[in-house]
Amino acid sequence: MSSNDDQKVIIFSAPSGGGKTTIVHELMKRLNFPFAFSVSATTRPPRSCEKHGVDYYFLTVEEFKDKIINDEFVEWEEVYPGQFYGTLKSEVDRLWRERKIILFDVDVKGAVSLKRFFGNRSLSIFIKPPSLEVLRQRLINRHTETEQTLETRIAKALYELSFEPQFDVIIVNDDLENAIAKTIIEVKNFLLS
């Protein structure tokens, strides 16, 4: 993987349903910087509106494990049993060749790994729901969860919230517009420093 010391990256993480993907997309629309959304690889099935190579690189478990063996990831995690997510080195290289500021939308362990990898060239932002009850309602409103997967995600959210102190910035997403505005300020300050 190539190295560009002047390139900066922004790392976002949150419990599922925390709103990080929405905030990342709004940041890209509203700020005039050469942002590029890093497309993660995953083994989970695509949702109906998702496209391969745009929302995620959808891989089989076997394809993902082959890429692990071949050292093709900057970071990867088995987020749920049999469900892998990771950042491909080829994706980072592609975006760096285009001189982009990379935005990552990853789970907490991936975020901590990316922060360790990129160091001072990165800003890590944790998007926090105002409460577990609000998070539960957001997940219910998605209409993608069974009662069992909902409880799994809530339990995982409790675990993910324990990573909060390892992030540079915490944004409480109690009001989406307010959370977006706070995120924009933090990102601009980092990029212009």
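Conventions used here
Residues numbered from 1 in each chain as written. Predicted model: local features only at pLDDT ≥ 70, side-chain atom pairs only at ≥ 80, totals over all residues. Heavy atoms only, no water. Helix = DSSP H or I, 4+ residues; strand = E, 2+ residues; numbered from the N terminus. Rg over C-alpha atoms; globule rule 2.2 N^0.38 Å. Buried < 20%, exposed > 50% of the residue type's maximum accessible area, 1.4 Å probe, protein only. Contact = heavy atoms within 4.5 Å. Areas by Shrake-Rupley, 256 points an atom, 1.4 Å probe, with all protein chains shown as cover. Lys, Arg positive; Asp, Glu negative; His and termini not counted. Charge placed at Lys NZ, Arg CZ, Asp CG, Glu CD. Salt bridge = Lys/Arg side-chain N within 4 Å of Asp/Glu carboxyl O. Pairing = 2+ DSSP bridges. Axes fitted to C-alpha atoms, helices over the stretch in contact; angles between N-to-C directions. Phe/Tyr/Trp six-rings, centres within 6.5 Å; stacked < 30°, edge-to-face > 60°. Lys NZ or Arg CZ within 6 Å of the ring centre and 35° of its normal.

Enquirer: Would you explain the overall build of the chain in this entry?
Expert: What the chain contains, in helices and strands, is seven helices and nine strands. Its C-alpha atoms give the chain a radius of gyration of 16 Å, near enough to 16 Å, the size a compact globule of 193 residues would have. Taken along the three principal axes of its C-alpha coordinates, the chain extends 45 × 40 × 30 Å. Within the chain, the proportion of its 193 residues that are buried is 49%. For the chain, long-range pairs separated by at least 24 residues make up 68% of all intrachain contacts whose partners lie at least 6 apart in sequence. Accessible area for the chain stands at about 9800 Å²; split by element, carbon and sulfur atoms hold 51% of it. Distance from the positive charge centre (26 side chains) to the negative charge centre (29 side chains) of the chain: 3 Å.

Enquirer: What am I meant to see in the pattern of salt bridges here?
Expert: It is possible for side chains bearing opposite charge to pair when their charged atoms get close. Across all of its chains, the model carries 15 salt bridges by this definition. R94 is the salt-bridge partner of E91, the closest N and O atoms lying 3.0 Å from each other. Within this pair, E91 and its partner R94 are both found in helix α3 (residues 89-97), separated by three residues, close to a single helical turn. Here E91 falls in the buried class, since its relative accessible area comes to 1%. Note that R153 is salt-bridged to E145, the shortest N-O span being 2.9 Å. One network of salt bridges, in which partners are shared, links E26, K29, R30 and E177.

Enquirer: Even after reading the chapter, I still don't get the sheet that holds strand β2 (residues 35-37), so can you show me in this structure?
Expert: In a beta sheet, neighbouring strands pair by backbone hydrogen bonds and run either parallel or antiparallel. Pairing in this open sheet of five strands is parallel, and the strands run β2-β7-β1-β8-β9 from one edge to the other. The open sheet has two edge strands with one neighbour each: β2 and β9 (169-172). The sheet shows a mean angle of 25° between the axes of neighbouring strands, direction not considered. As defined by bridge partners, β2 adjoins strand β7 (residues 101-105) across three bridges and the pair is classed as parallel. By the bridge assignment for β7, F37 is matched with L103. Strand contacts of α3: β2 and β7, with the helix running at about 150° to β7, the strand carrying the most contacts.

Enquirer: Looking at this structure, how should I read the packing of aromatic side chains?
Expert: The way to describe two aromatic rings as a pair is by their centre distance and the angle between their planes. Across all of its chains, the model carries 11 aromatic pairs by this definition. Ring geometry for F117 versus F118: centroids 4.9 Å apart, planes at 85°, classification edge-to-face. Among the aromatic residues, ring-to-ring pairing joins F64, F73, W76 and F84 into one connected group. Stacked on the ring of F190, the Lys or Arg K8 has its end atom at 4.8 Å from the ring centre. Geometry around Y80 places K156 over its ring, the cationic atom sitting 5.5 Å from the centre.

Enquirer: When you look at the sheet that holds strand β4 (residues 57-58) in this model, what are you seeing that I'm missing?
Expert: Spatially, β4-β3-β6-β5 is the arrangement adopted by the four strands of the open sheet, whose pairing is mixed. A single partner strand is all that each edge strand has here, and the edge strands are β4 and β5 (73-80). Direction of pairing for strand β3 (residues 41-42) relative to strand β6 (residues 83-88): antiparallel, over a ladder of two bridges. In the sheet register, A41 faces β6, and the bridge partner there is G86. Against the sheet, helix α2 (residues 61-69) engages β3, β4, β5 and β6, with an angle of about 45° to β6.

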